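Geometric and topological summary
Here are the chains, one letter per residue:
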Amino acid sequence: MNLNVKAGQENTYDAIVVGSGISGGWAAKELCEKGLKTLVLERGNDVQHVKDYTTAMMAPWEFKHRLQFTNEMKENYPIQSRCYAFDESSKQFWVNDKENPYNEIKPFNWLRGYHVGGRSLMWGRQVYRWSDLDFGANARDGHGVDWPIRYKDIESWYTYVEAFAGVSGQAEGLPQLPDGQFLPPMEMNCLEKHVAARIKEKYTDRIMTIGRVAHATKAMQNGRACQYRNLCHRGCPFTGYFSSNGVTLPAAAATGNLTLRPDSIVTEVIYDEKKGKATGVRVLDAHTLQTVEYYANIVFLNASTLGTTFVLLNSTSNRFPNGLGNDSEQVGHNLMDHHFGVGADGEFDGFEDQYYSSGRRPNGIYIPRFRNTNAATMRKDFVRGFGYQGGAGRGRGNGTEGIGAELKESLQEPGKWTMGIGSWGEHLPYYENKATLNKNKKDKYGLPTLDIDCEFKENELAMRKDMQESAREILDAAGLKNITSYDDMPPPGHCIHEMGTARMGKDPKTSVLNKWNQLHAVKNVFITDGACMASSACQNPSITYMALTARACDYAVQELKKGNI
Amino acid sequence: MNRRDAIKNVALLLGTAISASTLAALEGCTGSGPRNYALEAPETKSILAEIAETIIPQTNTPGAKAAKVDEFILTMMQDCYEPKDQQILLDGLKKVDEASNKQYKKSFVDLTAEEKTAVLTEIDKERVAYNKRENKQKEDPTHYFQFIKELTLLGYFTSKPGATEALRYVAVPGKFEGCVPYKKGDKAWAM
């Protein structure tokens, strides 16, 4: 039953934020702190910080299947269960694939959670600034459109969001990977320190540093601090890492200006042709199935790259027959991810008398990009570059052959040291990589579904060869033995860095958003999730979404005060 | 009515609020296929308990029986494995008894600890040889003792006695130090 409730004044706010994930949480905080009565709409269920982390304090033996996959999971979560962060302890944070269909024109893993906090609860927490190597890349080699901003436009906003989110890392002074506002770095273990030293000795173009990660390595707000349990994807009762639920949404709520409405599926942005701007959004209540309208002066779309794409394409009017703000026909196009799942592992003879403490470090090491960074490192076979993440550790025992006390005793002791590195590479923006609305296949709410048609092409494939070979070469140079390299080639989407479907640009003819993340054609609609990205770089993108969000909120409120929107 | 609604109704009857995440966790506790009742037979459990204890015996720390590894293996087989793999396990248990009967004229559970170890040591060699066979095909069945051994080791070292007595488990470490001296005999960290 669709009952159109006539929404009145009680449904009117100063600002609406669509989505409560990593960028929506920031939009909520910034707009609320600037005094705007802000409505945050989340399509999924409520997840209250700490209280709803029902598995967070469970010991391994308290899980019936000890965190392994069951047939039921494989049946209901065939796609989500491919994700490293999906297991018996976290499956409540991932969508049921059967109930949330999309159409893979080419293989694409759309990994997501529909709940308050979104993927900020299960994210990998790796945080790397972009540099002008990245913001200038499209202009330099002609792929995609030029970014309308450069590092100087975002630098202070990186600092601003890092200071509040809490980012641990080691300053390295690299031009291609600017240092941030860092909390104390986590420590490398013995083998990692050894490998870092060997890399420094053998190479002039690359280094290995400890991962930069959104963990409170010293006490932050309310004494929150990382406890080194490495159970982050269950939600953290210690607020050891940054999430919307634990950090930005509480800050937004503390202002008294926040209204959070879960179970609210935004189906479209309402566009007023006379006013030439958006007046609000239309919501389908996931429980009552009633349609409700909410109104505001400003709308921020932070529904995730593909979620925002859906909302834009589904918001049609006489003025925008192909979707809101889609004069350029770029909405849904230029879909990117990172390509990864390629690298090498090796064993190390030695350090038998060294181990690490009981802490389970929720972080690894990082080898920043070293290809195509300057004239000396230019490649003929591909443009752009890649970085490596990885780590070392000691396994247990010495194989599993044999029976009885001897086997048991061997498995009670640490085994050989091993180390692995895996690569994250840049995916170029291609117009033909796209998400489009399929009106023939509807979901359980009767809403259209997305057709996703995305692939990696020649540049990515050429880069992968180097990613694999260089991984082997680095480990070999560092003294590891029995090195095996691999290329598992997971499909796009699997890296969960999907982005680019409403790109920023200088020219309204070829881009969707301006340099303030504002729709060129609808000035009171801002998009600051991954959809806004004009290129993908090779760094994990979340901190850039956070910085762009804070920056856009600042601009939006200034414009509002000036009466420009 | 689907299972989610059923659980919700139970929660309402009991007058308890039940969070969405608990609901999801409750839902996950059922295997989706029909139950394999052969896995639930008492003799299946008793021979598995003896096999697991032989693989991981009680020493100065508890063994597999104390860690209820037999129950774990059966739960995993029931909820996480395909019917064809369940059958491989059930047939495998018969083969263990056949090997015992051939060598000692007794069923496996009636052997002495030394005899059990001898029988399983041979079977483990057979497993290793099978895993190293030439011309491997993707569709080749897994050796039954591979399932039993993997699940015994997983079940034991993730159990409370396994993780906290055979290994060292610290629930909330609070800090991480990258390099600490290690001396032979120190136990590994659980997880």
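Bear in mind the structure is a predicted one, so any value in this text is a computation, not a measurement. The written sequence of each chain sets the order in which its residues are numbered from 1. Chains and ligands are labelled by the order in which they are written, letters from A for the one and numbers from 1 for the other. Where totals are concerned, whole chains, interfaces and linings use all residues; where local detail is concerned, this predicted model gives features only for residues with pLDDT of at least 70, and gives and counts side-chain atom pairs only at 80 or more.

Further remarks concern the overall build of chain A. Counting from the N terminus, the helices are the DSSP runs of H or I reaching at least four residues and the strands are the DSSP runs of E reaching at least two. What chain A contains, in helices and strands, is eleven helices and 20 strands. Over its C-alpha trace chain A gives a radius of gyration of 24 Å, about what one expects of a compact globule, namely 24 Å for 565 residues. Along the three orthogonal principal directions, the C-alpha set of chain A runs to about 75 × 55 × 45 Å. Out of the 565 residues belonging to chain A, those deemed buried represent 56%. Contact between residues is assigned whenever the C-beta positions, reconstructed from backbone atoms, fall within 7 Å. Expressed as a percentage of contacts within chain A between residues at least 6 apart in sequence, the contacts between residues at least 24 apart total 72%. Computation of the radius of gyration draws on C-alpha atoms alone. For the globule rule, the value is 2.2 Å times the number of residues to the power 0.38. Here a residue counts as buried when 20 or more other C-beta atoms fall within 10 Å of its C-beta, as exposed when 12 or fewer do, and as partly exposed in between; the C-beta atoms come from the backbone.

Before going further, it helps to examine the interface of chain A and chain B. On the chain B side, the residues contacting the 50 residues of chain A number 54 residues. Broken down by secondary-structure element, the contributors of at least two residues to the side of chain A that touches chain B are α2 (71-76), β13 (354-355) and α9 (405-411) of chain A. Looking at which element gives the most residues to the side of chain A that touches chain B, the answer is α2(A), with four residues. When residues are grouped by polarity, Ala, Val, Leu, Ile, Met, Phe, Trp, Tyr, Cys and Pro land in nonpolar, Asp, Glu, Lys and Arg in charged, and all others, Gly among them, in polar. When grouped by side-chain class, the residues that make up the side of chain A that touches chain B number 16 nonpolar, 18 polar and 16 charged.

Right, let's talk about the confidence of the model for chain A for a bit. Residues and elements named next belong to chain A. With 99% of its residues at a pLDDT of 70 or more, chain A has an overall mean of 97. pLDDT is a residue-level measure of predictor confidence that goes from 0 to 100. Of all the helices and strands in chain A, α2 carries the lowest mean pLDDT, 92, while strand β20 (residues 525-527) carries the highest, 99. This model gives residues 1-5 a pLDDT under 50, and the stretch forms six contacts once residues within four places in sequence are excluded.

Turning our eyes to something else, we now look at the environment of A:Gly256. All names here are of chain A. Along the chain, glycine 256 turns up in the loop between α7 (244-254) and β7 (258-261). In this structure glycine 256 comes out as exposed when scored by C-beta crowding, with 8 C-beta atoms within 10 Å. With 220 residues separating them in the primary sequence, glycine 256 and leucine 36 have C-alpha atoms 9.9 Å apart.

The term nonpolar core refers to a set of buried Ala, Val, Leu, Ile, Met, Phe, Trp, Tyr and Cys residues connected through C-beta atoms within 7 Å. Grouped together as the largest cluster of nonpolar side chains are 150 residues, with contacts concentrated most on A:Ile16, A:Val18 and A:Val299. Examining the composition of this core, we find that ten residues originate from one element, helix α11 (residues 542-562) of chain A, more than from any other. What marks off one domain from the next here is an automatic or database domain assignment. Split by domain, this core shows at least three residues from each of two domains, domain 1 (9-54 + 80-126 + 224-336 + 432-454 + 495-562) and domain 2 (170-210 + 339-425 + 456-487) of chain A. Here A:Ile16 is in contact with A:Leu39, A:Leu41, A:Gly280, A:Val281, A:Tyr294, A:Ala296 and A:Val299, once residues within four sequence places are set aside. By size, the runner-up hydrophobic cluster in this structure holds 40 residues, among which are A:Trp61, B:Leu48, B:Ala67 and B:Ile148.

Another aspect to go through is the packing of helix α3 (residues 42-55) of chain B against helix α6 (residues 113-131) of chain B. Residues and elements named next belong to chain B. At a minimum axis separation of 10 Å, α3 and α6 run at an interaxial angle of 85°. When the axes of α3 and α6 are compared, the pair comes out roughly perpendicular. Two secondary-structure elements touch here, α3 through Glu50, Ile51, Thr54 and Ile55 and α6 through Lys116, Thr117 and Leu120. Within the contact of α3 with α6, the residues separate by chemical class into three nonpolar, two polar and two charged. All axes here are fitted lines through C-alpha atoms, helices being fitted over the stretch that makes contact, and every angle between N-to-C directions spans 0 to 180 degrees. The labels follow the angle: roughly parallel below 35 degrees, roughly antiparallel above 145, roughly perpendicular from 65 to 115, and oblique for the rest.

Our next topic: the sheet that holds strand β17 (residues 434-442) of chain A. All names here are of chain A. Here a strand pair is declared whenever DSSP counts at least two bridges between the two strands. What the three strands build is an open sheet, ordered β3-β18-β17; its pairing is mixed. Each edge of the sheet is formed by a strand with only one pairing partner; in this case those strands are β3 (103-104) and β17. Against the sheet, helix α8 (residues 305-314) engages β17 and β18 (448-453), with an angle of about 65° to β17.

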